[in-house]
Amino acid sequence: MSDALTCPVTGASGPLPEYPLPRAAQCPLAPAPAARELRSEKPITRVRIWNGSTPWLVTRHADQRALLPDPRVSDDDLDPGFPYVNAHRAEIAPITPRLITNTDAPEHTRLRRTVNAPFVVRRIEKLREPVQKIVDDLIDEMLAGPNPVDLLKAFALPVPSLVIAELLGVPYEDHDFFQRSSSLVLDGSVPADEARRVSGELAAYLDNLITQKTAAPDDDVLSEMAGRVRAGEMTHTEAVHMGVAMLIAGHETTATMISLGTLALLQHPDQLALLRETDDPKVVANAVDEVLRYLSIVQSGVRRVAKDDIEIGDVVIRKGDGIIFDLHAANWDPEVFPEAERLDITRPARIHQAFGYGPHQCLGQNLARLELQVVYGTLYRRIPTLRPAAAIEDLEFDHTGTTYGVHSLPVAW
């Protein structure tokens, strides 16, 4: 494979782009400008990643929709061609348990079936009232406390942590442990030995909880999984590692969306006013999907590998080639979202790719949507004068993990 990229428009050649592509410092919430350029000029192209390999980068919405459900596109991170995010992920892949995040059908189908029921819309909708109470109580505490305050610590992290603890059946008093551990596991800059140690601590913690739930079941997801272990539908080890995955994913990404979503809306006061003044749940739900589209917080791309030759457009992706799907570039695709750079909570945005697409689409998307609907529909109405307490250029953004976010978000009212 040549190290050069030839522009199909100008014919000019140059070195392969390095992925991840750099963001513009003056516009930290937008996709990398180079990703947008590639989407318009060469929407499926080779890029170079950290280990010198050259997977394909897919940036167009339509191409992602075609490829992500294709059974020839695999999530098997033990395949030699898999384009790992970093050296840390490559090192731990051989010892990472087989979960819904790294298997294909039929194994993926079996594992997904064991955990899917608690996350269907009907079950999740029953949580709306408890989530509303959590949100209201935390806002009460904010209003009674210091002003300004760090929204991330005072509100954005506690909301999903309380919710996932309640849903899974994890004691919330342990939240400092699982928040800190989750951050370390997701931080690509953490040495592999340290990540393994922390993962082991989380696994031991969930192992103990599931053992307790096996002996004395309760009305929670870990008890349901314990029941599936007793029924022979999954192993105890699978239940433990699935619990770890859900605990990590269940609060980190939603906390980021609460803080970054608030930041984005504060940067667009006209859209914030529309959201603050509505009492229509459909408007709030659409606003959530538009903010999800606009931010697309998964910054490392969805990683896959081709299990067979795949012809798409004028490109042939060969068996064994790595593939990276840049979700943010697709979510700003003007062919699907006109004036995509504009945050517009009135646009139909449900077809965004923030949760991925296809059989590996995010298991917790219904829960995330409900939490964000309650937060976005409540916070700005209850604190109508909410405003940033720091300029966006003074905020410290965190790009070390799978998602990007801010280390803190000072707000005042």
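Because the structure is a prediction, the values reported are computed rather than measured.

Parameters and conventions
- Residues numbered from 1 in each chain as written.
- Predicted model: local features only at pLDDT ≥ 70, side-chain atom pairs only at ≥ 80, totals over all residues.
- Heavy atoms only, no water.
- Helix = DSSP H or I, 4+ residues; strand = E, 2+ residues; numbered from the N terminus.
- Contact = heavy atoms within 4.5 Å.
- Areas by Shrake-Rupley, 256 points an atom, 1.4 Å probe, with all protein chains shown as cover.
- Lys, Arg positive; Asp, Glu negative; His and termini not counted.
- Charge placed at Lys NZ, Arg CZ, Asp CG, Glu CD.
- pLDDT = per-residue confidence, 0-100.
- Phe/Tyr/Trp six-rings, centres within 6.5 Å; stacked < 30°, edge-to-face > 60°.
- Buried < 20%, exposed > 50% of the residue type's maximum accessible area, 1.4 Å probe, protein only.
- Lys NZ or Arg CZ within 6 Å of the ring centre and 35° of its normal.
- Salt bridge = Lys/Arg side-chain N within 4 Å of Asp/Glu carboxyl O.
- Core = buried A, V, L, I, M, F, W, Y, C linked by side-chain atoms within 4.5 Å.
- Pairing = 2+ DSSP bridges.
- 1 Å grid on protein atoms, 1.4 Å probe; cavity = no way out; pocket = protein on both sides within 12 Å on 5 of 7 lines; lining within 4 Å.
- Points joined across faces, edges and corners; volume = space filled by probe spheres on them.
- Nonpolar A, V, L, I, M, F, W, Y, C, P; charged D, E, K, R; others polar.
- Polar contact = N/O pair within 3.5 Å; in protein donor to acceptor, adjacent residues only side chain to side chain.
- Axes fitted to C-alpha atoms, helices over the stretch in contact; angles between N-to-C directions.
- Parallel < 35°, antiparallel > 145°, perpendicular 65-115°, else oblique.

### Some words on the overall build of the protein chain
Across its full length, the protein chain carries 16 helices and 14 strands. Counting only C-alpha atoms and orienting by the principal axes, one finds that the protein chain spans roughly 60 × 55 × 35 Å. Long-range contacts, defined here as pairs at least 24 residues apart, represent 70% of the contacts in the protein chain between residues at least 6 apart. Total accessible area on the protein chain stands at roughly 17,800 Å², and carbon and sulfur atoms take up 54% of it. Across the protein chain, the centroid of the 41 positively charged side chains sits 4 Å from that of the 58 negatively charged ones.

### Notes on the confidence of the model for the protein chain
Taken as a whole, the protein chain shows an average pLDDT of 91; of its residues, 96% reach a score of 70 or greater. Across residues 4–13, where pLDDT falls below 50, the model places 19 contacts with residues more than four positions away in sequence or in other chains.

### Some points on the packing of aromatic side chains
Pairs of aromatic rings are described using the distance from one ring centre to the other and the angle between the two planes. A complete count under the given rule lists four aromatic pairs for this structure. With a centroid separation of 6.1 Å and 35° between ring planes, the pair formed by tyrosine 376 and tyrosine 380 is classed as tilted. Remark: tyrosine 380 and tyrosine 376 occur in helix 16 (residues 365–382); sequence separation between them is four residues, near one turn of the helix. Judged by its relative accessible area of 1%, tyrosine 380 is buried. Sitting over the face of the ring of tyrosine 404, arginine 23 holds its NZ or CZ atom 4.1 Å from the ring centroid. Stacked on the ring of tyrosine 357, the Lys or Arg arginine 65 has its end atom at 3.9 Å from the ring centre.

### Here we look at the pattern of salt bridges
If you walk through the whole model with that rule in mind, you get 28 salt bridges. Here arginine 98 makes a salt bridge to aspartate 77, at a shortest N to O gap of 2.8 Å. Taken together, the positions of arginine 98 in the loop between helix 3 (87–92) and helix 4 (107–116) and aspartate 77 in the loop between strand 5 (73–74) and helix 3 put the pair 21 residues apart, joining distant regions of the chain. The exposure class assigned to arginine 98 is partly exposed, which follows from its relative accessible area of 26%. Given the relative accessible area of 7%, aspartate 77 is considered buried. In this structure, lysine 213 engages aspartate 220 in a salt bridge whose closest nitrogen and oxygen atoms are separated by 2.8 Å. Summarising the burial analysis for this pair, lysine 213 and aspartate 220 share the class buried.

### Structural notes on the nonpolar core
Ranked by internal contacts, the top residues of the largest apolar core, which has 90 residues, are Leu29, Phe155, Val170, Met246, Leu260, Leu295 and Tyr376. Among the elements that make up this core, the one with the highest residue count is helix 12 (residues 236–266) (14 residues). With sequence-adjacent residues up to four places away left out, methionine 246 is seen in contact with Val115, Phe119, Ile164, Leu168, Val221, Met225 and Leu363. Core analysis: the next-biggest nonpolar cluster, separate from the first, contains 15 residues, Ile44, Val73, Ile323 and Leu327 among them.

### A short note on the sheet that holds strand 4 (residues 56–58)
Strand order in the open sheet made by the five strands is 3-4-10-7-5, with mixed pairing throughout. Among the strands making up the open sheet, the edge pair consists of strand 3 (44–46) and strand 5.

### Some remarks on empty space enclosed by the protein
Per the counting criterion, the structure on display carries one cavity of 30 Å³ or more. Counted as a void, the largest cavity has a volume near 40 Å³. Around the largest cavity, the lining residues are Leu127, Pro130, Val131, Ile134, Val163 and Glu166. No other element matches helix 6 (residues 128–144), which puts three residues into the lining of the largest cavity. Of the residues belonging to the lining of the largest cavity, the class tally is five nonpolar, no polar and one charged.

### Focus on the sheet that holds strand 14 (residues 410–412)
One open sheet holds the three strands; their spatial order is 6-14-11, and the pairing between them is antiparallel. Strands at the two margins of the open sheet, each flanked by one partner only, are strand 6 (149–150) and strand 11 (387–388). Relative to strand 14, strand 11 runs antiparallel, the two sharing two bridges. What sits directly across from proline 388, in strand 14, is valine 411.

### A word on the side chain of asparagine 102
Within the fold, asparagine 102 resides in the loop between helix 3 and helix 4. Here the side chain of asparagine 102 touches leucine 99 through a polar contact of 2.7 Å, landing on its backbone nitrogen. Ignoring anything within four residues of it in the chain, the contact list for asparagine 102 reads Asp75, Asp76, Asp77, Thr96 and Pro97.

### Structural notes on the packing of helix 14 (residues 281–295) against helix 16
Where helix 14 contacts helix 16, the two axes come as close as 9 Å, and the packing angle between them is 110°. As far as their axial angle goes, helix 16 and helix 14 are roughly perpendicular. Seen from helix 14, the contacting residues are Val284, Ala285, Val288, Asp289, Val291 and Leu292; seen from helix 16, they are Arg369, Leu372, Gln373, Tyr376 and Gly377. Looking at the contact of helix 14 with helix 16 residue by residue, the class counts come to seven nonpolar, two polar and two charged.

### Section: helix 11 (residues 221–230)
Three or four residues apart is the spacing at which side chains of an α-helix point the same way, because the helix has 3.6 residues per turn. Considered for burial, the residues of helix 11 that qualify are Val221, Leu222, Ser223, Met225 and Ala226. On its buried face, helix 11 sits against helix 4, helix 8 (158–168), helix 10 (192–215) and helix 12. Sitting at the head of helix 11, aspartate 220 places a side-chain oxygen 3.4 Å from the backbone nitrogen of leucine 222. Once helix 11 finishes, glycine 232 follows within two positions and takes phi at roughly 80°, a positive value.

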